[in-house]
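Chain by chain, the residues:
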Amino acid sequence: MASEKEKGTSRDDYQDAALKPGSNDAESLRIDDRTAGEHKLVRQLKNRHIAMISIGGVIGTGLFLGTATALRNGGPVGLLLGYITMGSICYSVMVSLGEMIAYLPIPGGHIRLAERFVDPAFSFTMGWNYWYNWCIVLPAELSAASVLIGFWNKDINPAVWVTICMVVVVVINMLGAGVYGEAEFIFASIKVITITGLIILGIVLDLGGGPDHDRLGFRYWKHPGPFVQFDDIAGAKGRFLGWWAVLTQAAFSFIGTEIVAIAAGEAKNPRRNLPKAIRRVYIRILLFYIGGTAVIGLLVPSNDPGLNLSSGDAASSPFVIAIERAGIKSLPSIINACLLTSAWSAASSDLFTSSRALYGLAAAGNAPKIFLKTLPNGLPWVSVIFNSLFCLLGYMGVTKGSGRVFGWFANMTAVAGLMTWFGISLTYLRFYKGMKEQGIDRTKLPFASKLQPYAAWYSMCFCLFISIMSGWAVFLKGNWAVDVFVTNYLPLVVFPIMYVGARLYYREPYKKAHEMDFVTNIAEIEAEMYDEPPPRNKAEAFWQWLVRKQIQRIDDKLLIHCNLYADVK
């Protein structure tokens, strides 16, 4: 081992490990002694699970509910431009992460990759920041679920709805990754159908196809206007600040796309299925987020009183508001029910991700070994139970108002998520340099982007800059609020403090490019590759056909929507 670190990993070493999965090379078959003697995670997530998780797994209340605040702050054009900006950052992060995780689909995902390509202190910081992010977003989704249920009944205590949602989420996760995958496949399918249907319905309503036959067109882009003068600040400065105010909320909506990396450790045939999932990220960004926010801006004016999440009337999303304004009586309740399943789904993903992040921390030696305990079916039960306790934070909404608590959690998770993206981008730049230094041909990797390394530099710089500027609004005259300041800047301040502390503790240097390990685990990963078997029965054949057709239809709808908007203009 010492001699290999001195000379680094050569191109021949890489090729031997990658192209000869049956070799007995001691390095490529090495088992981390930190997980020795423990049960390990079991690869139970199938191709269709990974496909739907990547497309719609973490589409949650950020899009369906949080866009209310974004539209009120930025206006329809500010909302759209904010989501386009954040979407480009998200895509840059995902192609960076996808290249690494498709090559090394190991438990812990980017947390373990940071240890390999940066240093143990950065892995420690990334891991605990990521765990914190998902522990906090979990009660945020539960809080948002109580807001959505409040659309039907405001008399019942929100604690009842938080409890019901919490029980469903915990039960799904305690049944293992296979059950979680099946539940997410169903939930994500509902979300994909819902958001696609809402976009189509939105276009119909905008063109006058509603019960009132009122053709809206771009009416709300003209009045009250394309942008909002943030805090009544006049001129271009106020419009720019309105657009900037959208970015933090948009980040909250996009955060979670990287869940594919955490799921990689439990994905079947990862070298084949993960690249497919990464390539589908653009569908989620373009159709669901860009398309969804464009439709919202056409249907709901930015000064609609229902967009204020801090009020008692904020129990509906912009989509529901739009349908009510069109005069459709029964559909809002149906849509709200679909949005509720979305909150359940997102909360389930939050618990799954946080528990696996904690498992990854323990595997890297950065958390107590008790969190490595798993059942024979691969369930890290200690991690799941421990993270379930953070669901109790959702009860804060009982006394403070669910809408306000949702805003607090959204701010904290947005900044923590952006710092995770910053860390992923930095890790990729080190990965890229190591590949180049050791003469490894990136074009032969399972997934590689031609945008690199520029995409990683772009996402790293902008994630850090947006995080620093996330709480700027509290510094405006008369806008100071302690809760907003703390929730925006706490994750940003904690990140460097944890890193410096971990550096002092570990006292290990940065990984030099020629010393980076591109060999360990390769043989076992290659050994798990196989050609997808043909369907065993008509039911499996139908599902394979349906998934392929769904992807093709989404691509076709993207083109149709673009042409339709061009015709309307």
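Throughout what follows, the structure given in this document is the object of discussion. Keep in mind the model is a prediction, meaning the values are calculated, not measured. (Residues numbered from 1 in each chain as written. Predicted model: local features only at pLDDT ≥ 70, side-chain atom pairs only at ≥ 80, totals over all residues. Heavy atoms only, no water.)

**Looking at the overall build of the protein chain**
Reasoning step 1: The helix and strand inventory of the protein chain stands at 23 helices and 0 strands.
Reasoning step 2: Sorting the 569 residues of the protein chain into buried and exposed places 59% on the buried side.
Reasoning step 3: In the protein chain, 84% of the contacts between residues at least 6 apart in sequence involve partners at least 24 apart.
Reasoning step 4: Carbon and sulfur atoms provide 63% of the accessible area of the protein chain, an area that totals close to 22500 Å². (Helix = DSSP H or I, 4+ residues; strand = E, 2+ residues; numbered from the N terminus. Buried < 20%, exposed > 50% of the residue type's maximum accessible area, 1.4 Å probe, protein only. Contact = heavy atoms within 4.5 Å. Areas by Shrake-Rupley, 256 points an atom, 1.4 Å probe, with all protein chains shown as cover.)

**Considerations on the pattern of salt bridges**
Reasoning step 1: For the structure shown, the criterion picks out 4 salt bridges.
Reasoning step 2: Between Glu99 and Arg442 there is a salt bridge, with the nearest N and O atoms lying 2.6 Å from each other. Of the two residues, Glu99 is situated in helix 5 (residues 67–103) and Arg442 in the loop between helix 19 (402–437) and helix 20 (454–468); the sequence distance between them amounts to 343 residues.
Reasoning step 3: With a relative accessible area of 16%, Arg442 lands in the buried category. (Salt bridge = Lys/Arg side-chain N within 4 Å of Asp/Glu carboxyl O.)

**Here we look at the environment of Phe187**
Reasoning step 1: If you trace the backbone, Phe187 turns up in helix 9 (residues 177–206).
Reasoning step 2: When the C-alpha positions of Phe187 and Ala346 are compared, they lie 9.0 Å apart, and in sequence the two are 159 residues distant.

**Considering unusual backbone geometry**
Reasoning step 1: Here the residue pair His223 and Pro224 is connected by a cis peptide bond, since its omega of 10° sits within 30 degrees of zero.
Reasoning step 2: At the junction of Gln452 and Pro453, the peptide bond is cis and its omega measures out at 5° in the coordinates.
Reasoning step 3: Looking at the secondary structure, you find Pro453 in the loop between helix 19 and helix 20.
Reasoning step 4: Even without glycine at this site, Arg507 takes up a positive phi of about 55°.
Reasoning step 5: Residue position: Arg507 is located in the loop between helix 21 (482–506) and helix 22 (522–527).

**As for the nonpolar core**
Reasoning step 1: Within the largest apolar cluster, 117 residues are counted, with the highest numbers of intra-cluster contacts made by Tyr83, Met86, Tyr103, Phe254, Trp421, Phe431 and Phe518.
Reasoning step 2: No other element matches the 17 residues that helix 5 contributes to this core.
Reasoning step 3: Core analysis: the next-biggest nonpolar cluster, separate from the first, contains 16 residues, Leu138, Ala145, Val169 and Ala347 among them. (Core = buried A, V, L, I, M, F, W, Y, C linked by side-chain atoms within 4.5 Å.)

**Regarding the side chain of Arg116**
Reasoning step 1: Here Arg116 is to be found in helix 6 (residues 110–117).
Reasoning step 2: Buried charge without a partner: Arg116 forms no salt bridge, and the closest opposite charge is Asp517, 4.4 Å away.
Reasoning step 3: One polar contact links the side chain of Arg116 to the main-chain carbonyl oxygen of Thr520, over a distance of 2.9 Å.
Reasoning step 4: Leaving out residues up to four positions away in the same chain, Arg116 has contacts with Leu104, Lys511, Met516, Asp517, Thr520 and Asn521. (Lys, Arg positive; Asp, Glu negative; His and termini not counted. Polar contact = N/O pair within 3.5 Å; in protein donor to acceptor, adjacent residues only side chain to side chain.)

**Examining helix 11 (residues 235–254)**
Reasoning step 1: Here helix 11 contains 20 residues, and its C-alpha end-to-end distance of 30 Å stays within 8% of the 28 Å for a straight helix at 1.5 Å per residue.
Reasoning step 2: Thr248 marks the point of greatest bend in helix 11, at about 25°.
Reasoning step 3: The buried fraction of helix 11 is high, at 15 of 20 residues. (Expected span 1.5 Å × (residues − 1). Bend = angle between axes of the 7 residues up to and from the residue.)

**Concerning the packing of aromatic side chains**
Reasoning step 1: Tallied over the entire structure, the rule returns 32 aromatic pairs.
Reasoning step 2: Between Trp128 and Trp131 the ring centres are 5.3 Å apart and the planes differ by 85°, which places this aromatic pair in the edge-to-face class. Residue Trp128 and its partner Trp131 are both found in helix 7 (residues 120–149); the two are separated by 3 residues, about one turn of the helix. Each member of the pair, Trp128 as well as Trp131, carries the same accessibility label: buried.
Reasoning step 3: Measuring from ring centre to ring centre gives 6.1 Å for Tyr428 and Tyr432, while their planes differ by 45°; the resulting arrangement is tilted. With Tyr428 and Tyr432 both in helix 19 and 4 residues apart, this pair spans about one turn of that helix.
Reasoning step 4: Here the aromatic cluster, defined as three or more aromatic residues joined through ring pairs, consists of Tyr103, Phe117, Tyr428, Phe431, Tyr432 and Phe518.
Reasoning step 5: Over the aromatic face of Tyr510 sits the side chain of Arg503, whose NZ or CZ is 4.5 Å from the ring centroid. (Phe/Tyr/Trp six-rings, centres within 6.5 Å; stacked < 30°, edge-to-face > 60°. Lys NZ or Arg CZ within 6 Å of the ring centre and 35° of its normal.)

**Here's the deal with the environment of Asp212**
Reasoning step 1: As for its position among the elements, Asp212 is in the loop between helix 9 and helix 10 (219–222).
Reasoning step 2: Asp212 sits 113 residues away from Arg325 along the chain, and the two C-alpha atoms are 9.6 Å apart.
Reasoning step 3: Discounting chain neighbours no more than four positions away, the residues touching Asp212 are Arg325 and Ala326.

**Brief notes about helix 15 (residues 318–325)**
What sets the pattern is the α-helix's 3.6 residues per turn: residues three or four places apart point alike.
Reasoning step 1: Counting buried residues along helix 15, 6 of its 8 residues qualify, which places the element largely inside the surrounding structure.
Reasoning step 2: Positioned one or two residues after helix 15, Gly327 has a phi angle of 85°, which is positive.

**Some points on the state of the cysteines**
Reasoning step 1: Across all of its chains, the model carries 0 disulfides by this definition.
Reasoning step 2: With no disulfide of its own, Cys135 lies 9.0 Å from the sulfur of Cys391, the closest cysteine sulfur. (Disulfide = S-S within 2.5 Å.)

**Some details on the side chain of Ser92**
Reasoning step 1: Here Ser92 shows up in helix 5.
Reasoning step 2: Classification of Ser92 as buried rests on a relative accessible area of 7%.
Reasoning step 3: At 2.9 Å, the side chain of Ser92 and the backbone oxygen of Ser88 are in polar contact.

**Re the packing of helix 5 against helix 20**
Reasoning step 1: Direction vectors running N to C along helix 5 and helix 20 enclose 130°, while the axes themselves pass 8 Å from each other. It follows from the interaxial angle that helix 5 and helix 20 lie oblique. Both helix 5 and helix 20 take part in a crossing whose hand is left-handed. Residues Thr85, Met86, Ser88, Ile89, Ser92, Val93, Val95 and Ser96 of helix 5 lie in contact with helix 20, whose contacting residues are Ala455, Ala456, Tyr458, Ser459, Phe462, Cys463 and Ile466.
Reasoning step 2: Split into classes, the residues belonging to the contact of helix 5 with helix 20 amount to 10 nonpolar, 5 polar and no charged. (Axes fitted to C-alpha atoms, helices over the stretch in contact; angles between N-to-C directions. Parallel < 35°, antiparallel > 145°, perpendicular 65-115°, else oblique. Left-handed = near helix turned anticlockwise from the far one by under 90°. Nonpolar A, V, L, I, M, F, W, Y, C, P; charged D, E, K, R; others polar.)

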